[in-house]
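# Descriptive structure summary
Residues per chain are reported as follows:
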Amino acid sequence: MSRSTGNVPCIRDDLLFVADTANAIITALETTDSADSGLLLRVSWSLGNLSDTLVVNKLNNPSFVTDFSDILLGRLLDVSLKTAASNDKVKSNIVRALGNLLRFMKQSTHDKAHFREYVARSVDCLLRACTSGMMKTRWNACYALVNTLQNPVLSPADSTWGADLFSTLTSVVVHCKNYKVRINATLALAQCTTRACYGGNFVTVWGTVLVTLSDEGGGPAMCGYTERLRLQLVLLLCHLVVIHLEEDQKEMVRHLPHPHQHGVLITQCSAVSTADTLSNTEQDMVTAARVKCQQSSPALDLVLNMLTPTHCLMTLMPSSPRHLQQH
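Each chain has its residues counted from 1, running along the sequence as written. Only residues with pLDDT of at least 70 get local features here, since the model is predicted, and only at 80 or more are side-chain atom pairs given and counted; chain-wide, interface and lining totals rely on the full set of residues. As a rule here, side-chain values cover all heavy atoms of the structure and leave hydrogens and water aside.

### Let's talk about the side chain of asparagine 57
Secondary structure follows DSSP: runs of H or I at least 4 residues long count as helices, runs of E at least 2 residues long count as strands, and numbering of each begins at the N terminus. With respect to the secondary-structure elements, asparagine 57 resides in helix H4 (residues 37–60). Contacts were defined at the residue level, with two residues in contact if any of their heavy atoms lie within 4.5 Å. Residue contacts for asparagine 57: discarding those within four places in its chain leaves Arg12, Asp13, Val18, Pro62 and Phe64.

### A few points about the pattern of salt bridges
Basic side-chain nitrogens of Lys or Arg form a salt bridge, by our definition, when they fall within 4 Å of a carboxyl oxygen of Asp or Glu. Taken as a whole and judged by the stated rule, the model has 8 salt bridges. Aspartate 70 is the salt-bridge partner of lysine 106, the closest N and O atoms lying 3.1 Å from each other. Here the residue lysine 106 occupies a position in the loop between helix H7 (88–104) and helix H8 (107–110), and aspartate 70 occupies one in helix H6 (residues 70–83), the gap between them amounting to 36 residues. Ionic pairing is found between lysine 112 and aspartate 70, a salt bridge with its closest N-O pair at 2.7 Å. Here lysine 112, found in the loop between H8 and helix H9 (113–130), pairs with aspartate 70, found in helix H6; they are 42 residues apart in sequence, far enough to count as distant.

### Notes on H7
In a helix, the anticipated span is given by 1.5 Å times the number of residues less one. Between its terminal C-alpha atoms H7 stretches 24 Å, which fits the 24 Å expected from 17 residues at 1.5 Å a residue. Counting buried positions along H7 gives 15 out of 17 residues, so the element sits mostly inside the fold. The term polar contact refers here to a pair of N or O atoms within 3.5 Å; inside protein, the definition further demands a hydrogen-donor-capable atom paired with an acceptor-capable atom, and it admits residues adjacent in sequence only when both atoms are side-chain atoms. Of the residues flanking the start of H7, the one acting as N-cap is asparagine 87, its side-chain oxygen 3.0 Å from the backbone nitrogen of lysine 89. Note on classification: 1.4 Å probe, protein chains only; a residue is buried when its accessible area is under 20% of the maximum for its type, exposed when over 50%, partly exposed between these limits.

### Focus on the confidence of the model for the protein
Each residue carries a pLDDT value, the predictor's own confidence for that position, ranging from 0 to 100. Mean pLDDT over the protein works out to 88, with 89% of the residues at or above the 70 mark. Between residues 1–6, whose pLDDT stays under 50, and residues either more than four places distant or in other chains, the model counts 16 contacts.

### A look at the packing of aromatic side chains
Two aromatic rings from Phe, Tyr or Trp, using only the six-membered ring of Trp, form a pair when their centres are within 6.5 Å; if the ring planes differ by under 30 degrees the pair is stacked, by over 60 it is edge-to-face, and anything between is tilted. On inspection of all chains with the given rule, the structure shows 7 aromatic pairs. For the ring pair tryptophan 139 and tyrosine 143, a centre distance of 6.1 Å and an interplane angle of 10° mean the geometry is stacked. One end of the pair, tryptophan 139, and the other, tyrosine 143, are both in helix H10 (residues 135–149), 4 residues apart, so they sit about a helical turn from each other. With relative accessibility at 32%, the residue tryptophan 139 sits in the partly exposed group. Here, over-ring charges are defined by two tests on the NZ atom of lysine or the CZ atom of arginine: distance to the ring centre within 6 Å, and angle to the ring normal within 35 degrees. In this structure, lysine 180 packs its charged tip against the face of tryptophan 139, placed 6.0 Å from the ring centre.

### Section: the state of the cysteines
Disulfide: a covalent bond connecting the sulfur atoms of a pair of cysteines. The disulfide criterion used throughout: a pair of cysteine sulfur atoms within 2.5 Å. In the structure shown here, the tally under the stated rule is 0 disulfides. Cysteine 125 takes part in no disulfide bond, and the closest cysteine sulfur, belonging to cysteine 130, lies 9.7 Å away.

Here it is in structure tokens:
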């Protein structure tokens, strides 16, 4: 039934049918013996599918969110948090559902104290799943945080969980051995659309990007994932450049890498940021960052060079020697 709600539009946006499906899944999760891992896995997968349907309806039919019962959403969050204590395969589905449920939440729902508690518990669950268990669960948990942060109602800077979120995600980006997990953690860090959303964690995220880009890492077997991670890091770097404030620049400069790393950093990042394979949206982001660098103080010349086509660097560098003065 949950598969049908996701694939058949006339059923997917039927509020009563979706609510009945949700209630059936809640009952199944509440009554399934925890020892029956096979059944629990299938029901949790259904919950993940149902949560996908909720997000699709939010995007395509805003009235669906308004009409959806807060009580039912609370029950879905509650049963998800309880089921998350199950085995890792089940948790992989549960974290996916939690991310979607948090993305679905509307402002008036979040304004209620017990729902803010649900959000805090859910984010804590996702953060713990980012750093433990099988890699599929970690990957799903990081992507669930991508979904969570796409909800403008849930601003890390205005929450009790924001500091832990940025601390965990930046640690995963730097230290996790799995590139797919690191890619999704980087993507999650890029979901804050405004400088205010990062709060006091902006420079920490900036420093994490530069430290990770400075690490050449990734042997031949991981070459494809290494390039994908580098692309996401460069796009996150561009995003931070675009939204930064003038008062951030002093600390941003302090986190720039040592001059002996500049050559490799410029070569690698220039190749990524000017690749023909960039989408139009990605190209627009790189262009916006270049413009912001040019409008900023000389402090960001290094970053400008990182976003400049390699064949242009020889003509750019003699007329802009200040990039060599970064510390």
